[in-house]
Amino acid sequence: MTDDMTSRVDTLIREMTLAEKIAQLFGVWVGASDEGAEVAPHQHDMKETVDLDALLPEGLGQLTRPFGTVPVDPALGALSLMRTQTRIAASNRFGIPALAHEECLAGFAAWGATAYPVPLSWGATFDPALVREMAAAIGRDMRSVGVHQGLAPVLDVVRDARWGRVEETIGEDPYLVGTVATAYVQGLESAGIVATLKHFAGYSASRAGRNLAPVGMGARERADVILPPFEMAVRESGVRSVMHAYTDTDGIPSAADERLLTGLLRDTWGFAGTVVADYFGIAFLKNLHGVAGTYGEAAGTALAAGVDVELPTVQAFGAPLYEAVEAGRVPEELVDRAVRRVLLQKAGLGLLDPDWSPVPAVLREADTTAGPGVLRGTVDLDPAANRELAGRVAERAIVLLRNDGILPLAQPPVPRRIALIGPNADAPTAVLGCYSFPVHVGGQHPETPLGIELPTLAEALRTEFPDAEILVAPGTGIDDSATDGFPEAVALARDADLVIAALGDRAGLFGRGTSGEGCDVESLVLPGAQERLLDELLDSGTPVVTVLIAGRPYALGRAADESAAVLQSFFPGEAGTGALAAVIGGRTAPSGRLPVSVPRRPGAQPSTYLSARLGHSSEVSSIDPTPAFGFGHGLTYTTFAWSDPEVERAEIPTDGAFRLALTVENTGGRAGTEVVQLYLHDPVASVVQPVQRLIGYVRLDLAPGERRRIGVVVPADLASFTGAAGTRIVEPGALELRFSASSTEPRLTARVTLTGPVRELDHLRRLHADFEIR
């Protein structure tokens, strides 16, 4: 931020009335017009529609989801937003436009925009560079139509896979989440979009995996598991916004947590952007948490904690806040602090420049005075380059869990008669997550076309195997108990050369799906009658390839051991079925790795690989949480040999760094990808530690017979944890550094030792091991 921008903002604030300052601290939920007219306030369940005519003379901070509220042609949506911004700037005496934000958890959530894989698939790629490329493409599309801010990524670490929003997360390991999320932010910000870290902090650790349930978590778990991804992103990504979480931890709601939102985020980590409310989160301080008696109290509490902007629409930060400040119950200095952050952000976006123009890039050469028929269809948010990129992400995110040699199908004997069975066999939207536009919004407008091509798995397989006969039967629904389709499905299976069982989830909101926000589950058994269907297919005598298209991991029962092959995909987006077909046929080799463990038993939750010794299998409990397939697991169509481990020094001081090396060779007959994962095991520590935790990883694409030497520098800082006194420390003692193919498959182990005194670390500690591929 330049001195000129800062001076301009400070001068502006001195000239603003209290009402004008407060107007910059809230948004209004609107929908763009499909005729290109100005936006219309959105009627929703949580608040009465606002009167824009009454609000705009004081100004407006944000426009909430103009493209993501109703289906609208992108060109006409851009025109609608442009006209609205012109009106907003003309209505207030300082000429300040609003900042427009949208969702972008699986691509720009707008009609006709590319639907990319969900964040759990990003984690499965173990490929931050690819995720950065995807995010940059998403950001360019958003910026081109006049959007400024994206409400992504989600940095919540999975603690209980029963939680409905697992699909929105990147995985169950904080290092994987941090590296992938940081890359996503870098990509989005490179396109000029303000990225938003969410949900800060602890939302995913709710009791029993229930949405918005209280968080039962100690300070150490919060510090060592929940916070590190946010810390990494703040330090390394250039992120400009953070969204508070809905939940309360130990009785303190995140929106009221000054130690979190100000003490840690700003004073310690140095974050200088805006903190925005999760939708209705400030009002929830009164309505759900009961820590405020009025909306004015809620507003004052949130402002004091460090929340700057109320979303999605004006409620607590409107008249209640104004009245509380006027009555002396809320210091005006808190309003000034927040509005300064908001205006500095607007200045950085060019919204306060004298030559600011409301015309977005896609309309600069267009005749904006023409009727809607002229502009309709002129903006393409799903071009071929986007679809190709979505396909690459989908392919790299597919995880081959099991294979008895039946895959790839391109090898003889190629099956001529394939029975494709299951509720996801012929469902176009099966590949989409809860926050993709066709599911999130389009489902409420069944009369409107999807806006993008969504080939079903049946269609993709027919394209991939033109000489095969593909016979399709659903067998059952996603989440019903109907079994009347079983006989037809089993008959097809018995007459086929191969069965592909297409199972999994249907994304939705608040109980309308089996995965998604508010779609929490009691256990991780496959929804409805799907496990029973799968068992009958396994009994048919025909080899079964189980294909999961889901938003969370599920226990597969017998199929974990008896399927000829198992492929796991996490809502892989619009190119997902083509990617699955390519992997099944062998045109593409699988290279994904599990970002979450796949349980063996559906009721052993909460359970992640990141558990202390007492969280693993023991003789004193009848519940065995051992997964069927552990975090980081993933097979390929080739083989790899790991050899020649080397440790330069087996002992270093607590402020030093280990240097290690190993060789990886592709010993199979085709090209493939190996993901070398580095885990740290601390046998004896002053406080209980997880048995192991990921501290680094690297993807290797190797041709047949190719071998590469991998060097890695591991700073002692990576062995740090929150000690008994609440500070982060590195202790002397023995460690194991495990080069592993997954959390359950160590390949090479280096036994090393830290010497010297206990060392305290601050927030500037080193966060990464440095890999070198030779």
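Above this text is the structure in question.
The following refers to the structure shown.

Rules of the game
- Residues numbered from 1 in each chain as written.
- Predicted model: local features only at pLDDT ≥ 70, side-chain atom pairs only at ≥ 80, totals over all residues.
- Heavy atoms only, no water.
- Salt bridge = Lys/Arg side-chain N within 4 Å of Asp/Glu carboxyl O.
- Helix = DSSP H or I, 4+ residues; strand = E, 2+ residues; numbered from the N terminus.
- Buried < 20%, exposed > 50% of the residue type's maximum accessible area, 1.4 Å probe, protein only.
- Pairing = 2+ DSSP bridges.
- Phe/Tyr/Trp six-rings, centres within 6.5 Å; stacked < 30°, edge-to-face > 60°.
- Lys NZ or Arg CZ within 6 Å of the ring centre and 35° of its normal.

A word on the pattern of salt bridges
Phase 1: This model, assessed by the stated rule, comprises 45 salt bridges.
Phase 2: A salt bridge links Asp717 to Arg759, with the shortest nitrogen-to-oxygen separation between them at 2.4 Å. Taken together, the residues span a long stretch of sequence, with Asp717 in the loop between strand 24 (707-715) and strand 25 (721-722) and Arg759 in strand 29 (residues 759-760) at a distance of 42 residues.
Phase 3: Classification of Arg759 as partly exposed rests on a relative accessible area of 22%.
Phase 4: Taken together, the shared-partner salt bridges in this structure form one network comprising Asp535, Asp539, Arg558 and Glu562.

Structural notes on the sheet that holds strand 3 (residues 62-64)
Phase 1: Reading across the sheet, the eight strands line up as 2-1-3-4-5-6-7-10 and stay open at both edges, with mixed pairing between neighbours. Of all the strands in the sheet, just strand 2 (40-41) and strand 10 (274-276) have a single pairing partner and so form its edges.

A short note on the packing of aromatic side chains
Phase 1: Considering all chains together, one arrives at 15 aromatic pairs under this definition.
Phase 2: Relative to Phe631, the ring of Tyr609 lies with its centre 4.8 Å away and its plane at 10°, an arrangement referred to as stacked. Here Phe631 lies in the loop between strand 18 (627-629) and strand 19 (640-647) and Tyr609 lies in the loop between strand 17 (598-599) and strand 18, a separation of 22 residues in the sequence.
Phase 3: On the basis of relative accessible area, Tyr609 is assigned to the buried category, the value being 7%.
Phase 4: The rings of Phe126, Tyr175, Tyr609, Phe631, Tyr679 and Tyr697 are connected pair by pair, giving a single aromatic cluster.
Phase 5: Stacked on the ring of Tyr435, the Lys or Arg Lys198 has its end atom at 5.8 Å from the ring centre.

Thoughts on unusual backbone geometry
Phase 1: Note that the residue after Leu407, namely Pro408, is joined by a cis bond; omega there is 5°.
Phase 2: Tracing the backbone shows Pro408 in the loop between strand 11 (399-403) and strand 12 (417-421).
Phase 3: Looking along the chain, the bond that leaves Pro412 and enters Pro413 is cis, with omega of -5°.
Phase 4: One can find Pro413 in the loop between strand 11 and strand 12.

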